[in-house]
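If you want the building blocks of each chain, they are given just below.
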Amino acid sequence: EDQVTQSPEALRLQEGESSSLNCSYTVSGLRGLFWYRQDPGKGPEFLFTLYSAGEEKEKERLKATLTKKESFLHITAPKPEDSATYLCAVRGPDTGNQFYFGTGTSLTVIP
Amino acid sequence: EADIYQTPRYLVIGTGKKITLECSQTMGHDKMYWYQQDPGMELHLIHYSYGVNSTEKGDLSSESTVSRIRTEHFPLTLESARPSHTSQYLCASARTYEQYFGPGTRLTVT
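Each value, and the rule that gives it
Residues numbered from 1 in each chain as written. Chains lettered and ligands numbered in written order. Predicted model: local features only at pLDDT ≥ 70, side-chain atom pairs only at ≥ 80, totals over all residues. Heavy atoms only, no water. Pairing = 2+ DSSP bridges. Helix = DSSP H or I, 4+ residues; strand = E, 2+ residues; numbered from the N terminus. Axes fitted to C-alpha atoms, helices over the stretch in contact; angles between N-to-C directions. Phe/Tyr/Trp six-rings, centres within 6.5 Å; stacked < 30°, edge-to-face > 60°. Buried < 20%, exposed > 50% of the residue type's maximum accessible area, 1.4 Å probe, protein only. Disulfide = S-S within 2.5 Å. Contact = heavy atoms within 4.5 Å. Buried area = accessible area lost by both parts, 1.4 Å probe. Salt bridge = Lys/Arg side-chain N within 4 Å of Asp/Glu carboxyl O. Polar contact = N/O pair within 3.5 Å; in protein donor to acceptor, adjacent residues only side chain to side chain. Nonpolar A, V, L, I, M, F, W, Y, C, P; charged D, E, K, R; others polar.

Colleague: How should I be thinking about the sheet that holds strand 3 (residues 19-25) of chain B in this particular structure?
Modeller: Adjacent strands of a sheet form backbone hydrogen bonds with each other and so pair up, either parallel or antiparallel. Residues and elements named next belong to chain B. Strand order across the open sheet formed by 4 strands is 1-3-8-7, with antiparallel pairing between neighbours. One side of each edge strand has no neighbouring strand; the edge strands of this open sheet are strand 1 (4-7) and strand 7 (64-66). On average, each strand axis in the sheet is inclined to that of its neighbour by 15°, with strand direction left out of account. One ladder, built from 4 bridges, connects strand 1 with strand 3; its direction is antiparallel. Within strand 3, the residue paired with Tyr-5 across the bridge is Ser-24.

Colleague: Where do I start with the packing of aromatic side chains in this structure?
Modeller: Aromatic rings considered in pairs are described by the distance between their centres and by the relative angle of their planes. Enumeration according to the criterion identifies 11 aromatic pairs over all chains in this entry. The interplanar angle of 90° and the centroid separation of 5.6 Å between the aromatic rings of Tyr36(A) and Phe101(B) together place this pair among those described as edge-to-face. Taken together, the residues span two chains, with Tyr36(A) in strand 4 (residues 33-38) and Phe101(B) in strand 10 (residues 100-101). Residue class for Tyr36(A) comes out buried when judged on its relative accessible area of 1%. Under the relative-accessibility criterion, Phe101(B) is labelled buried at 9%. When the centroid spacing of 5.5 Å and the interplanar angle of 70° are considered together, the rings of Tyr48(B) and Tyr50(B) count as edge-to-face. Residue classification places Tyr48(B) among the buried positions, given a relative accessible area of 7%.

Colleague: Sorry if this is basic, but what is going on with the state of the cysteines here?
Modeller: Structurally, a disulfide amounts to a covalent bond that connects the sulfur atoms of two cysteines. Residues and elements named next belong to chain A. For the structure on display, the rule yields 2 disulfides over all chains. Disulfide pairing places Cys-23 opposite Cys-88 at an S-S distance of 1.9 Å. The S-S bond linking Cys-23 to Cys-88 shows a torsion near 70°; that makes this disulfide right-handed. Placement of the pair is Cys-23 in strand 3 (residues 19-25) and Cys-88 in strand 9 (residues 84-90), with a sequence separation of 65 residues.

Colleague: Please clarify how the sheet that holds strand 1 (residues 4-7) of chain A should be interpreted in this entry.
Modeller: Residue and element names in this part refer to chain A. The 5 strands are arranged 1-3-8-7-6 in an open sheet whose pairing can be described as antiparallel. Either end of the sheet is taken by a strand with one partner, and the two such strands are strand 1 and strand 6 (56-59). When the angles between neighbouring strand axes are averaged without regard to direction, this sheet yields 15°.

Colleague: Quick question: what am I supposed to make of unusual backbone geometry here?
Modeller: Comment: phi is negative for the bulk of residues other than glycine, and the bulk of peptide bonds are trans. Cis peptide bonds are those with omega within 30 degrees of zero, and the linkage from Ser7(A) to Pro8(A) qualifies with -10°. Summarising the element assignment, Pro8(A) is placed in the loop between strand 1 and strand 2 (10-14). At the junction of Thr7(B) and Pro8(B), the peptide bond is cis and its omega measures out at -10° in the coordinates. Among the structural elements, Pro8(B) can be located in the loop between strand 1 and strand 2 (10-13). At Glu60(A), a position not held by glycine, the phi torsion is positive, near 55°. With respect to the helices, strands and loops of the structure, Glu60(A) is situated in the loop between strand 6 and strand 7 (62-66). Classification of Glu60(A) by relative accessible area gives exposed; the value is 72%. Its identity is not glycine, yet Asn53(B) carries a phi of approximately 65°, on the positive side.

Colleague: Mind showing me how you'd approach the pairing of strand 5 (residues 44-51) of chain B here?
Modeller: Within a regular beta strand, the side chains point alternately toward one face of the sheet and then the other, so they alternate between its two faces. Residues and elements named next belong to chain B. With 6 of 8 residues buried, strand 5 lies mostly within the body of the structure. In this structure, the hairpin formed by strand 4 (residues 31-37) and strand 5 is closed by a connection of 6 residues, where Gly-40 is found at a positive phi of approximately 75°. Relative to strand 6 (residues 54-57), strand 5 runs antiparallel, the two sharing 3 bridges. Residue pairing for strand 6: His-47 is matched across the bridge by Lys-57.

Colleague: Got a minute to help me understand the interface of chain B and chain A in this structure?
Modeller: Think of interface size as the accessible area that goes away when the parts come together; that is how it is often given. Facing 22 residues of chain B, the contacting portion of chain A comprises 18 residues. Summed over both sides, the interface between chain B and chain A buries roughly 1700 Å², with carbon and sulfur atoms accounting for 53% of that surface. Applying the counting rule to chain B against chain A returns 0 salt bridges. Summed over the shared surface of chain B and chain A, the number is 5 residue pairs in polar contact (both at pLDDT 80 or more). Of all the secondary structure elements, the ones that give two or more residues to the side of chain B that touches chain A are strand 4 and strand 5 of chain B. Considering each element in turn, the side of chain B that touches chain A owes the most residues, 4 residues, to strand 4 of chain B. Its residues assigned to classes, the side of chain B that touches chain A shows 11 nonpolar, 5 polar and 6 charged.

Distances and angles like these do not, on their own, reveal function.
In structure tokens:
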């Protein structure tokens, strides 16, 4: 059973067109949900950690939110340099130091 | 800024060869990880380590080994490379649970 599902798989936005990426998870007893950005040919770059429902984190044009079943990564007025694949990962009580990653959302921002 | 290094960045090797992928970090992190990533797929954990002389197997560990003799160094060895090992290998480290990734090694086994 998939622990983490991300949607959409791909998203094309015009510059300035705000949108949201979704990460839904099935692990119970969440002990952390993590967002990463990955550029082509590079390793993922850490963005945010969320631990409890209702929690929000912001960084520049990005805001991550968390509910009991899913997390959203909101992108406000995106720029072309925001184009990347965005990954989420979860850690649960039974996973110890292991993490379940989603397959990511590939975001393209068109000038 | 995270300082974690992987060598080589690219490697093309023949079937049956023994290879070691190197990973080093200068942040003093106790936790280190090896992942395999194929295009459009999720990261799969191969091995991880909580600290020196501590290693654990992940989901894809059966054909590889790791060692953790020094905090900063976490090499991954494939004893006999196969075409199915062709993939991107990512190393990461963490002080708590936020992972810092290296640039990856792109391995092609012919």
